[in-house]
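Coordinates in review
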Amino acid sequence: MIKDIQIEESWKKALEHEFRESYFIQIKSFILHEKSQGKTIYPPGSLIFNAFNLCPFHQTKVVIIGQDPYHGSGQAHGLSFSVPYGIKVPPSLKNIFKELADDLQIKIPNHGNLESWAKQGVLLLNAVLTVNHSEPASHKNAGWENFTNAVIESLSAQKEHLVFLLWGSFAHEKETLIDSNKHYILKAAHPSPFSAHRGFIGCKHFSKTNEYLKKFGKEPIYWEIDNI
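All of these numbers come straight from a predicted model, not from anything done at the bench.

As a further point, take the packing of aromatic side chains. For any pair of aromatic rings, the description consists of the separation of the ring centres together with the inter-plane angle of the planes. Applying the stated criterion across every chain yields a total of 20 aromatic pairs. Pairing Tyr-23 with Phe-24 gives two aromatic rings, centres 6.4 Å apart and planes at 70 degrees, and the pair type is edge-to-face. Taking relative accessible area as the criterion, Tyr-23 reaches 10% and is therefore assigned buried. Ring pairs connect the aromatic residues Trp-11, Phe-19, Tyr-23, Phe-24, Phe-49, Phe-52, Phe-57, Trp-144 and Phe-147, which therefore count as one cluster.

Right, dumping it as structure tokens:
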């Protein structure tokens, strides 16, 4: 079964034990059952582990934790908060760009594809990696949380001086999985329009991230996203 999982090799090695766990087998069974009921599942199978494939374990410097994938047609491509080229930028991502522009005085891009961040070592991790069409949180408690918690714990245990960006109460709950003596944890409200005004706007997490990375001799993230 491990051989069949389309995930980058350094992640496969770091998480090998997880792929053998009963919960992981249950995830696969759950998805097959949903498909048998005629459900459309996002993202496509080839992109479920996109965040890992674009950001190998050994290159990870920053972790941004989302909840579950976008549930509209064509939106989800395996990266938290990101959408593919040609897809309308969602409201939360608009607020992320607004904060970026305010924090670092960089232009707001004309698309919402965050692959350039992932390729620099930003793990755009959703806590749940799949969802049914038009059914938000439909794969909650199917087993993905066990897997992504293990991802966070593995990064915390095996690496040093990572930055974890925890936006919103759901992400804040992941703080207990992270060794704060080794890593930098930044918390703020969720960038959703419903909560961004309660502390996300003005948090300056992007500049704070780069200051921390530079302090420990790591290349800062080039947050500006080129237009297409």
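Past the structure itself, the notes keep going.
Let us look at the sheet that holds strand S5 (residues 163-167). Spatially, four strands are ordered S3-S2-S5-S6 in an open sheet, and the strand pairing comes out parallel. On the outer flanks of this sheet lie strand S3 (122-126) and strand S6 (184-188), each paired with one strand and no other. Between one strand and the next, the sheet's axes are offset by a mean angle of 20 degrees, whatever the strand orientation. Each of strand S2 (62-66), S3 and S5 is contacted by helix H7 (residues 144-158), which is oriented at about 150 degrees to S3, the strand it contacts most.

Bringing helix H5 (residues 91-104) into the picture now. With 14 residues, H5 ought to run about 20 Å at 1.5 Å a step, and its terminal C-alpha atoms sit 20 Å apart, in line with that. Regarding H5, the residues found buried are Ser-92, Leu-93, Asn-95, Ile-96, Phe-97, Glu-99, Leu-100 and Asp-103. On its buried face, H5 is in contact with helix H6 (115-118), S5 and helix H9 (205-215). Gln-105 sits one or two residues past H5 and shows a positive phi near 55 degrees.

Here we come to the nonpolar core. Side chains of nonpolar character tend, in soluble globular proteins, to be buried together. Formed by 66 residues in total, the largest nonpolar core has its most connected members in Phe-49, Phe-52, Trp-117, Leu-123, Trp-144 and Phe-147. With residues up to four places along the chain from it excluded, the contact list for Leu-123 reads Trp-11, Ala-51, Phe-52, Cys-55, Thr-60, Val-62, Val-63, Ile-64, Val-151 and Leu-155.

Among the five residues of S3, five are classified as buried, and the element is accordingly described as predominantly covered. Where S2 lies against S3, five bridges are found, and the strand directions are parallel. Looking across to S3, one finds that Val-63 is bridged to Leu-123.

Here we come to the pattern of salt bridges. In the structure shown here, the tally under the stated rule is six salt bridges. Put simply, Glu-224 and Lys-107 hold a salt bridge, and the shortest N to O gap is 2.8 Å. With Glu-224 in the segment after H9 and Lys-107 in the loop between H5 and H6, this pair connects stretches of sequence that are 117 residues apart. Among the ionic pairs, Glu-175 bridges to Lys-187, the shortest N-O distance being 2.8 Å. Here Lys-187 lies in strand S6 and Glu-175 lies in the loop between helix H8 (169-172) and S6, a separation of 12 residues in the sequence.

So, about the packing of H5 against H9. The interhelical angle for the contact between H5 and H9, taken along N-to-C directions, is 60 degrees, at an axis separation of 8 Å. What the angle tells us is that H5 and H9 run oblique. For the pair H5 and H9, the contacting residues are Ile-96, Glu-99, Leu-100, Asp-103 and Leu-104 in the first and His-205, Phe-206 and Ser-207 in the second. Looking at side-chain class alone, the contact of H5 with H9 contains four nonpolar, two polar and two charged residues.

Going from Tyr-42 to Pro-43, the amide bond is cis rather than trans, its omega being -10 degrees. You can see Pro-43 is positioned in the loop between strand S1 (41-42) and helix H4 (50-54).

Calculation criteria
Residues numbered from 1 in each chain as written. Predicted model: local features only at pLDDT ≥ 70, side-chain atom pairs only at ≥ 80, totals over all residues. Heavy atoms only, no water. Phe/Tyr/Trp six-rings, centres within 6.5 Å; stacked < 30°, edge-to-face > 60°. Buried < 20%, exposed > 50% of the residue type's maximum accessible area, 1.4 Å probe, protein only. Pairing = 2+ DSSP bridges. Helix = DSSP H or I, 4+ residues; strand = E, 2+ residues; numbered from the N terminus. Axes fitted to C-alpha atoms, helices over the stretch in contact; angles between N-to-C directions. Contact = heavy atoms within 4.5 Å. Expected span 1.5 Å × (residues − 1). Core = buried A, V, L, I, M, F, W, Y, C linked by side-chain atoms within 4.5 Å. Salt bridge = Lys/Arg side-chain N within 4 Å of Asp/Glu carboxyl O. Parallel < 35°, antiparallel > 145°, perpendicular 65-115°, else oblique. Nonpolar A, V, L, I, M, F, W, Y, C, P; charged D, E, K, R; others polar.

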